[in-house]
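Residue-level structural notes
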Amino acid sequence: MNRTVSRVVVVAGVGAGVLVARRMTTRQLGGGAARVAPDRWHTVTVNRPPEEVAPAGRLPEPLARLGDTVEVQIRPAPGGRGTELAARPRTSAPSGLRGAVARAAGNDPRQAVRTALRQAKQLAETGEVLEPDTPPTSRRTLRNLPLELATRRARGEGRL
Amino acid sequence: MRALVWEGVNEVAVEQVSDPRIQNRQDAILRVKLSSVCGSDLHQLSGYIPFMRAGDVIGHEFMGEIVEVGPDVGRHQVGDRVVVCSVIACGRCWYCEQGLFSCCDNGNTNPAITESMWGYHPAGIFGYSHAMGGFKGSHAEYVRLPFADQIAFPIPDGVDDMTALFASDSAPTGWMGADLGGVQSGDVVAVWGCGAVGQMAARAAMLLGAERVIVIDRFDYRLEMAEREIGAEVVNYERTDVDAELRERTGGRGPDVCIEAIGMEAHTPGLTYRYEQAKQQLRLETDRPHALRQAILACRKAGTVFVLGVFAGMVDKFPMGAVMNKGLTLRSAQQHGERYIPMLLDRMARGELKTAHLATHPMSLDEGPRGYDLFKNKKDGCVRSVFQPSA
């Protein structure tokens, strides 16, 4: 089943208000049948008003650098709690073994989206992206390799 | 520079590691004057926090002198004597604005690890594993301070270094337990654990108006210290039935507020301890919650249990029925230190909050392995080993 959903996103306080109208992409699901479902949005809430997060409708960095590879929604958070910033890749993320390899190699498109969202939020709230201590520890060991890999991808992974 | 590093389970050593440097414009570099061990280090030391790498610098309770500032540091200058909160928080996200600094959205550079474990990531913490950002700890000659304007606090004249040291972690942690536990005038408060955090929680409860404060531990030297230095009533759980004792001392009601300051490696007499230890070592449960269970059962109806002790994962046989049917409030947090430190330093300056007695074993950084041995194995009356990296 092909399903398309139109969604209108309103950014309060930015000029005329209506900023983004997007058609959600679809992705193929496994299991043989030609089923498709919308990709899930990755979302952060930025503790700044929408007009600061996206002045004149311009996407914040580094999200803007992802260009047409992502869809983006910006909307005010309830209760005056800032701005909800959502994004998702236009291309489907690989699944199964291919997906695991892509994640380990840093090639899963969702990783770039998560990293960009986290960094955009940090830049808007604090003015910089906090760097991890470098070098992360005083030496590398074989036993620590999985943790080393996990921390290298830490901003691109997680539940975001 | 020299630093005390985690080498593996129950193994620490003093090594040469690279000097920290300014990496962000809001960073500062601190020359560490004093750095204390903490009970929560022992969970890392024992291997119960599986996110350590050999060579990680540990330690998170510290004070010192600022020796370098990044271009966007506005509140501090080179030469300032400061105490630093163990929790790395940005001060500007929604959580920080609510005073919930240990829930900061921007202080942890490895968010995926704890998001996967706990749903959302907390703030970063110095020297506290890669799950908490992998920031190098304070048992070192120098340490990088991210968001320096937010996490470092000038020490008032008249407050000596050793007193101010404990404004970094144990005093604000203890204060938070009493404050967010809702201690009110006339309350009876029970505190499980008589280390530095437990003693600070007991003192905070008194300053917030509690009429009686009872601390529970098994080491007489710690109980005697709490009695002498804090003025708390004491219970040795190896010599009495804690539940019955608390019932008797509270007119049958139970304590209004119960503060758990022990965490995931709780000890208990008898077979229960062996059973829980075996389960923990087999990873059938990650945390031993005996003291927490006891606090929940002992607490009066509609009372509050505040968990200050560090837990990391899953506990077994959690008395949810007691929480629900007695109408308890259960709260917890890593410390929101930035919320309390200026006030605590003022109280220290006024002599209301004494902490220097906690530093039972000051020593050089080179004696670090001995300091942890004394602390972990409760030798020689050790409450806290405090390292002097600059000495």
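Residues numbered from 1 in each chain as written. Chains lettered and ligands numbered in written order. Predicted model: local features only at pLDDT ≥ 70, side-chain atom pairs only at ≥ 80, totals over all residues.

1. Observations regarding the overall build of chain B
- For chain B, the helix and strand inventory stands at 14 helices and 18 strands.
- Computed over the C-alpha atoms, the radius of gyration of chain B is 20 Å, within 12% of the 21 Å expected from 2.2 N^0.38 for a compact globule of 391 residues.
- In terms of overall dimensions, chain B has C-alpha extents of about 60 × 45 × 45 Å along its principal axes.
- Buried residues in chain B amount to 57% of all 391 residues.
- By sequence separation, contacts in chain B at least 24 residues apart represent 73% of the contacts at least 6 residues apart. (Helix = DSSP H or I, 4+ residues; strand = E, 2+ residues; numbered from the N terminus. Rg over C-alpha atoms; globule rule 2.2 N^0.38 Å. Buried ≥ 20, exposed ≤ 12 C-beta atoms within 10 Å, placed from the backbone. Contact = placed C-beta atoms within 7 Å.)

2. Comments concerning the interface of chain A and chain B
- Taken together, the contact pairs 31 residues of chain A with 36 residues of chain B.
- Of all elements in the fold, only helix H3 (109-126) and helix H4 (145-152) of chain A reach the threshold of two or more residues within the side of chain A that touches chain B.
- Of all the elements, H3(A) adds the most residues to the side of chain A that touches chain B, at five residues.
- Class assignment for the residues of the side of chain A that touches chain B results in eight nonpolar, eleven polar and twelve charged. (Nonpolar A, V, L, I, M, F, W, Y, C, P; charged D, E, K, R; others polar.)

3. Focus: the domain arrangement of chain B
Residue and element names in this part refer to chain B.
- Per the domain assignment, the segments making up chain B are domain 1 (2-169 + 335-388) and domain 2 (170-332).
- Domain 1 and domain 2 are separated by 25 Å when their C-alpha centres are compared.
- Taken together, the contacts link 27 residues of domain 1 with 23 residues of domain 2.
- Sorting the residues of the side of domain 1 that touches domain 2 by element identifies helix H1 (41-45) and helix H13 (337-349) as the ones contributing at least two each.
- The element best represented in the side of domain 1 that touches domain 2 is H13, accounting for four residues.
- For the side of domain 1 that touches domain 2, the per-class residue count stands at eleven nonpolar, ten polar and six charged. (Domains from an automatic or database assignment.)

4. Things to note about the sheet that holds strand S16 (residues 329-332) of chain B
All names here are of chain B.
- Pairing is parallel across the open sheet formed by six strands, whose spatial order is S13-S12-S11-S14-S15-S16. Either end of the sheet is taken by a strand with one partner, and the two such strands are strand S13 (233-236) and S16. Averaged over all neighbouring strand pairs, the angle between strand axes comes to 20°, with direction disregarded.
- As judged from the four bridges shared by strand S12 (residues 212-217) and S13, these two strands associate in the parallel manner. When the bridges of S13 are listed, Ile-216 appears paired with Val-235.
- Those strands touched by helix H7 (residues 196-207) are strand S11 (188-192), S12 and strand S14 (257-260), and its axis lies near 170° from that of S12.
- Each of S11, S14 and strand S15 (304-307) is contacted by helix H11 (residues 290-298), which is oriented at about 180° to S14, the strand it contacts most. (Pairing = 2+ DSSP bridges. Axes fitted to C-alpha atoms, helices over the stretch in contact; angles between N-to-C directions.)

5. A look at the packing of helix H6 (residues 170-180) of chain B against H13(B)
Residues and elements named next belong to chain B.
- Where H6 contacts H13, the axes come no closer than 9 Å and their chain directions differ by 105°. For the element pair H6 / H13, the angle class is roughly perpendicular. For the pair H6 and H13, contact is made by Ala-171, Pro-172, Trp-175 and Met-176 and by Gly-337, Tyr-340, Ile-341 and Leu-344, respectively. (Parallel < 35°, antiparallel > 145°, perpendicular 65-115°, else oblique.)

6. Focus: the nonpolar core
- Core analysis: the biggest nonpolar cluster contains 133 residues, and B:Val83, B:Val84, B:Ala89, B:Val189, B:Val191, B:Ala201 and B:Ile259 have the highest contact counts within it.
- At seven residues, H7(B) tops the list of elements feeding residues into this core.
- The two domains that each donate at least three residues to this core are domain 1 (2-169 + 335-388) and domain 2 (170-332) of chain B.
- Counting residues in each nonpolar core, the second largest holds 19 residues, with A:Val46, A:Val72, A:Leu85 and A:Ala112 among its members. (Core = buried A, V, L, I, M, F, W, Y, C linked by C-beta atoms within 7 Å.)

7. Examining unusual backbone geometry
- Each neighbour pair has its own omega, and for A:Glu61 with A:Pro62 the value is -5°, a cis peptide bond.
- By secondary structure assignment, the location of A:Pro62 is in the loop between helix H1 (50-53) and strand S6 (70-76).
- Cis peptide bonds are those with omega within 30 degrees of zero, and the linkage from A:Thr134 to A:Pro135 qualifies with -5°.
- Tracing the sequence through the fold places A:Pro135 in the loop between H3 and H4.
- Residue B:Ser129 is not a glycine yet carries a positive backbone phi of 85°.
- Relative to the helices and strands, B:Ser129 resides in the loop between strand S8 (124-125) and strand S9 (142-145).

8. A look at the pairing of S11(B)
Residues and elements named next belong to chain B.
- Within S11, five of the five residues are buried, which leaves the element mostly enclosed by the surrounding structure.
- By the alternation rule, side chains of S11 split into Val-188, Ala-190 and Trp-192 and Val-189 and Val-191, which are all buried.
- Inspection of the sheet shows S11 paired to S12 by five bridges, in the parallel sense. Directly across from Val-191, in S12, lies its bridge partner Val-215.
- Running through H7, the crossover from S11 to the neighbouring parallel element S12 is right-handed.
- Two strands pair when backbone bridges link them, and S11 and S14 are joined in this way by four bridges, in the parallel orientation. Bridge pairing in S14 places Ala-190 opposite Cys-258. (Right-handed = clockwise from strand over helix to strand, strands pointing away.)

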